[in-house]
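Fold and geometry: a report
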Amino acid sequence: MKMKFYCLVLICSSNVCGVYSQSTKKKSDDFVNATVAVAKHQGTFALAYVHRWRFGVHKKFGVGLGGRFTSYIGANQHYETAPAQLTSGGTGPSVIFKETITANIDTFLVKSPQVNSLNVSINIDYRLSKKITAGFNIDAIGFSFGGSRNGNYINGPSGKMTDAKPTAFNILLISDNDRGSLNSEFYANYSLNEKWGLKAGAQFLFTEYTTATEVQQFPSANNRFRNKSLLFCAGVSYQL
Amino acid sequence: MKLIPTKTVFLGFIIGTLACCKPENATPTASATTSGFDMTKASLIKKGDFVEVSHGPTTGTAHVYDQAGTKYVVLDPFVSPSGPDLKVYFSKDKNASDYIRLGKLLSTRGKQEYIVPGSPIVGDYHYVHIWCEAFSVEFSHAEIK
């Protein structure tokens, strides 16, 4: 009886392994994940869906396209002047090499920021072993929504209290040319079985508020302020 | 060699730890005055009493003086609850929608003076606020008339 039971377990587990290795050789697959991220006085919850195409002889390299909903909440966060024209003195790809012009950076302090964004996201990963995959994902384009918040615009010896809303349109360009709220992650995913996995990594998030009036006037009028957050993230993934 | 008793080491550690725990942003409690202001040479423009907004009672009076063209905000007398990152704002309205930062609150009690930077039209400014900047909380304000 005992012998039969062991045989049954052996057959079942070999079948599972068979299916598992078969799934890792697929040309494409779909997965979803739920992630929470935390840092000092701020946190996020994100839900993502990704359709992934696998490349290479062993299908280890994956490129995916999907959608991600991110909800950000924080307390007493400093948002800084966002437009590349002010932060770097120009626009275009070259801003990535330019020093930040600190004299042009003003602060918008938001007591309780809350920004929700829904973006098309890009996912790139590499399967290091049967169980472990390392990857990177980034939001590319989408929109944000959330309630109006009162904030404190601080410009040296003067300031204004003003209302602001999350910048509605999000787009990934280069460096400070970016606009709106965009999420990105470096992560490692550990497969528990064929379907479920655990992920952990670092999340880098841009959130952006647009003030009701152009509170910044020097060197040119501006109403966009950005917060850059680095958070620790962890979550679960599920293969569809 | 005589070893230092464990009790002494422990006591020293506790005292050292407590000394290090003093908050960096805590507002001093002693009276604070600047050298530039001389009340005998200054003329009072307007004044008003503080009222509590949050975090406990604030009492005292805010005065605006002109001394040879330089404007000063003088809090005298003044008692405020302590808090992190307290600043003094000089604003046009009750909501501080347009304000001048006079600087860090020098003390939670006693007479203190602040120079108003720039050359604003002080007639347009009607409020002095005690504002916890880091946490966006107003402690108190005085309507000055």
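Let me begin by describing the structure that accompanies this report. This one's a predicted model, so the numbers in the text were calculated from it and none came from an experiment.

What counts as what
- Residues numbered from 1 in each chain as written.
- Chains lettered and ligands numbered in written order.
- Predicted model: local features only at pLDDT ≥ 70, side-chain atom pairs only at ≥ 80, totals over all residues.
- Heavy atoms only, no water.
- Helix = DSSP H or I, 4+ residues; strand = E, 2+ residues; numbered from the N terminus.
- Buried < 20%, exposed > 50% of the residue type's maximum accessible area, 1.4 Å probe, protein only.
- Contact = heavy atoms within 4.5 Å.
- Areas by Shrake-Rupley, 256 points an atom, 1.4 Å probe, with all protein chains shown as cover.
- 1 Å grid on protein atoms, 1.4 Å probe; cavity = no way out; pocket = protein on both sides within 12 Å on 5 of 7 lines; lining within 4 Å.
- Points joined across faces, edges and corners; volume = space filled by probe spheres on them.
- Nonpolar A, V, L, I, M, F, W, Y, C, P; charged D, E, K, R; others polar.
- Buried area = accessible area lost by both parts, 1.4 Å probe.
- Salt bridge = Lys/Arg side-chain N within 4 Å of Asp/Glu carboxyl O.
- Phe/Tyr/Trp six-rings, centres within 6.5 Å; stacked < 30°, edge-to-face > 60°.
- Lys NZ or Arg CZ within 6 Å of the ring centre and 35° of its normal.
- Pairing = 2+ DSSP bridges.
- Core = buried A, V, L, I, M, F, W, Y, C linked by side-chain atoms within 4.5 Å.

1. Regarding the overall build of chain B
- Counting secondary structure elements, chain B contains one helix and eight strands.
- From first element to last, N terminus to C terminus, chain B shows the α and β order α-β-β-β-β-β-β-β-β.
- In chain B, buried positions account for 43% of the 145 residues.
- A fraction of 62% describes how many contacts in chain B between residues 6 or more apart in sequence connect residues 24 or more apart.
- Accessible surface, chain B: about 8000 Å² in total, of which carbon and sulfur atoms supply 60%.

2. Points about the layout of surface pockets
Residues and elements named next belong to chain A.
- Computed from the structure, the second largest pocket encloses a volume of approximately 210 Å³.
- Counting residues per element, the ones that place at least two in the lining of the second largest pocket are strand S4 (77-81) and strand S13 (224-239).
- When residues of the lining of the second largest pocket are assigned to their parent elements, the largest contribution, three residues, is made by S13.
- Here the lining of the second largest pocket is composed, by residue class, of four nonpolar, six polar and six charged.

3. Concerning the interface of chain A and chain B
- Taken together, the contact between chain A and chain B spans twelve residues of the former and 15 residues of the latter.
- Surface buried jointly by chain A and chain B totals about 1100 Å² across both partners, of which 50% is contributed by carbon and sulfur atoms.
- Three residues, Asn76, Pro157 and Met161 of chain A, lead the burial of chain A against chain B; their summed loss comes to 42% of the area buried on that side.
- Counting across the interface, chain A meets chain B through one salt bridge.

4. Quick look at empty space enclosed by the protein
Residues and elements named next belong to chain A.
- Under the criterion given, the structure shown has one cavity of 30 Å³ or more.
- Empty space within the largest cavity amounts to approximately 40 Å³.
- If you trace the largest cavity, you find it lined by Asn33, Ala48, Val50, Arg68, Ser121, Asn123 and Asn137.
- When its residues are assigned to classes, the lining of the largest cavity shows two nonpolar, four polar and one charged.

5. Some words on the environment of Phe136 of chain A
- Structurally, the position occupied by Phe136 of chain A is in strand S7 (residues 132-145).
- Each C-alpha atom of the pair Phe136 of chain A and Phe186 of chain A lies 4.6 Å from the other, and the pair is 50 residues apart in sequence.

6. Regarding the packing of aromatic side chains
Residues and elements named next belong to chain A.
- Applying the stated criterion across every chain, the model contains 14 aromatic pairs over all chains.
- Clustering of aromatic rings is evident, with ring pairs tying together Phe69, Phe143 and Phe145.
- Above the plane of the ring of Tyr187 lies Lys199, whose end atom (NZ or CZ) is 5.1 Å from the centre.

7. Comments concerning the pairing of strand S12 (residues 196-211) of chain A
Residues and elements named next belong to chain A.
- As judged from the three bridges shared by strand S9 (residues 158-166) and S12, these two strands associate in the antiparallel manner. Its bridge partner lying in S12, Pro166 is registered against Tyr209.
- From the end of strand S11 (residues 182-191) to the start of S12, which pair antiparallel, there are four residues.
- Sheet topology note: the S12/S13 ladder contains 15 bridges and is antiparallel. Bridge pairing in S13 places Gly201 opposite Cys233.

8. With respect to the nonpolar core
- Ranked by size, the top nonpolar core spans 23 residues in total, and within it Leu75, Phe90, Val128 and Ile130 of chain B carry the most contacts.
- Going through the elements one at a time, strand S2 (59-67), strand S3 (70-79), strand S4 (86-91), strand S5 (99-104), strand S7 (127-132) and strand S8 (137-143) of chain B are the ones with two or more residues in this core.
- Residues in contact with Ile130 of chain B, not counting those within four places in the same chain, are Phe50, Leu75, Phe78, Ser80, Leu86, Lys87, Val88, Leu105, Val137, Glu138, Phe139 and Ser140 of chain B.
- The next biggest cluster of nonpolar side chains, apart from the first, holds 14 residues, and it includes Tyr79, Phe108, Val115 and Tyr153 of chain A.

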